[in-house]
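Descriptive analysis of the structure
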Amino acid sequence: MKITILGCGGSAGVPMIGGEEGAGTGLWGTCDPTDRRNRRLRSSIVIEHEGFRLLVDSGPDLRQQMLANGLTHIDAVFYTHAHSDHIGGLDELRAVNRVIGRPIQLLATAEVLAELRQRFDYAFRPWEGGTFYRPAFDVQEIPTHGPLKVGPLEGCIFPQKHGWTTSLGLRLGSFAYCTDVESFPTESQAVLHDLSCWVVGCFQREAHPSHGWLGRVMEWRQQFRPRHTVLTHMGPDMDYGQLCESLPEDVRPARDGLVLTL
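What you are looking at is a predicted structure, and each value in this text was computed from that prediction instead of being measured.

**Quick notes on the UniProt feature "domain: Metallo-beta-lactamase" (unreviewed entry) in the protein**
- In the numbering adopted here, UniProt assigns the feature "domain: Metallo-beta-lactamase" (unreviewed entry) to residues 41-211.
- Counting secondary structure, residues 41-211 comes out at 19% helix and 33% strand; the distance between its end C-alpha atoms is 17 Å.

Right under this line is the structure:
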C-alpha cells in the first residue's frame, strides 16, 4: 500500500495570505520561508493499492496537487468531513471523470452528503452519459463507524471529535489517517492500537479547541504506541526543520509530496 501526502497544511495553508502589501510573501509564522518543506497545501492524501486509488478529501488545492504528483486517475473519494478546506476542490474531479470515463465512487456520511449536495448541487444530478462538463459520482452513504471496503482496500472508519463538530478517521491495515481531530471517543480509541504508520493532525504547538496540538499528539503517541507517527494539517508555527530536530525519531512532520509505503 502506497500513501501520498498531497497536502499537509491547515485550512489556510502555509504561507497564509497576508504580509506586506504587494510583497507576495504571505504569512509564515515561525516557518522558514526558504525551506520548501514548509510550503503546505491543504490536507489530503491518496491511498493506492493493487492499482486502485482512493482520494481522501478534495480541498481547494486539488488540481495543483494532482499535477504536482503526476496523478491522472482516482477511483474513489472519501470525505472525512465537510469543512471547505476538505471539500472545496470537488469540481476539479470532473477532469478525473474524463480520464476514467465514468462516475467516481464517492463515500461520505449522510451529514456530509447533505452539505455536499447543498454546495455542489449540480454535481449530484443523475449522470446520463456523454461528456463530463461537470463532476459525476456514484454515491455511497457510509455510517460514522464500522467496517469499510472500497475496491481492494479493507478497514474501518471511526468518529473523531473536531471541536463543535465531528470528523471521520480511517484505518486500512496497519495504517490510519486522522486529520482534524482534538479528541477520540472511547470506542474509537480501540482502533488506534498496533499501527505501523499513523498520519495525524497536529495544527500547532499550543493547545487548540478543535485540532490536535503537539503536546496532545505526543500523549496519543504514548497511549497508542504507533511505530511511526507523521504529523499533518500543520499551521505556520510548525517549522519543518525545528520539528525534525526536537521530535523523537519515530515522529516526523509530513511534507507535501511525501510518499509512505507499507
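**Quick look at helix α4 (residues 110-119)**
- Burial in α4 covers these residues: Val-112, Leu-113 and Leu-116. All buried residues of α4 project into a common sector of 100 degrees when viewed along the axis, lining one side. Within α4, the exposed residues directed more than 90 degrees away from the buried face are Glu-111 and Gln-118.
- Here the buried face of α4 lies against α2 (84-87), β5 (104-108) and β6 (137-141).

**Some details on the sheet that holds strand β2 (residues 44-49)**
- With mixed pairing, the seven strands of this open sheet are ordered in space as β6-β5-β4-β3-β2-β1-β14. With partners counted over all chains shown, the strands left at the sheet margins are β6 and β14 (259-261), one partner each. On average, adjacent strands in this sheet sit at an angle of 20 degrees to one another, irrespective of strand direction.
- Bridge count between β2 and strand β3 (residues 52-56): five bridges; the pairing is antiparallel. Bridging from a neighbouring strand, His-49 pairs with Phe-52 of β3.
- Sheet contacts for helix α3 (residues 93-100): β3, β4 (76-78), β5 and β6; angle to β5, the most-contacted strand, approximately 140 degrees.
- Of the strands in this sheet, β5 and β6 touch α4, which is tilted by about 120 degrees from β5.

**Examining the pairing of strand β10 (residues 175-178)**
- Burial of the side chains of β10 extends over both faces: Phe-175 and Tyr-177 are buried on one face and Ala-176 and Cys-178 on the other.
- Both strand β9 (residues 165-172) and β10 contribute to a ladder of three bridges, which runs antiparallel. Paired with Leu-172 across the bridge in β10 is Phe-175.
- Two successive antiparallel strands, β9 and β10, enclose a turn made up of two residues, where Gly-173 displays a positive phi of approximately 60 degrees.
- Sheet topology places β10 next to strand β11 (residues 197-201); four bridges connect them, and they run parallel. The residue of β11 that forms the bridge with Cys-178 is Val-200.

**Remarks on the layout of surface pockets**
- Its boundaries defined by the atoms lining it, the largest pocket holds a volume of some 360 Å³.
- The wall of the largest pocket is formed by 19 residues, among which Arg-39, Arg-40, Leu-41, Gln-64 and Asp-256 lie closest to the centre.
- Counting residues per element, the lining of the largest pocket draws most heavily on helix α1 (residues 62-68), at three residues.
- Taken together, the residues of the lining of the largest pocket break down into six nonpolar, five polar and eight charged.

Analysis parameters
Residues numbered from 1 in each chain as written. Predicted model: local features only at pLDDT ≥ 70, side-chain atom pairs only at ≥ 80, totals over all residues. Heavy atoms only, no water. UniProt positions renumbered as here; feature names shortened; annotations may be inferred. Helix = DSSP H or I, 4+ residues; strand = E, 2+ residues; numbered from the N terminus. Buried < 20%, exposed > 50% of the residue type's maximum accessible area, 1.4 Å probe, protein only. Arc of directions from axis to C-beta. Contact = heavy atoms within 4.5 Å. Pairing = 2+ DSSP bridges. Axes fitted to C-alpha atoms, helices over the stretch in contact; angles between N-to-C directions. 1 Å grid on protein atoms, 1.4 Å probe; cavity = no way out; pocket = protein on both sides within 12 Å on 5 of 7 lines; lining within 4 Å. Points joined across faces, edges and corners; volume = space filled by probe spheres on them. Nonpolar A, V, L, I, M, F, W, Y, C, P; charged D, E, K, R; others polar.

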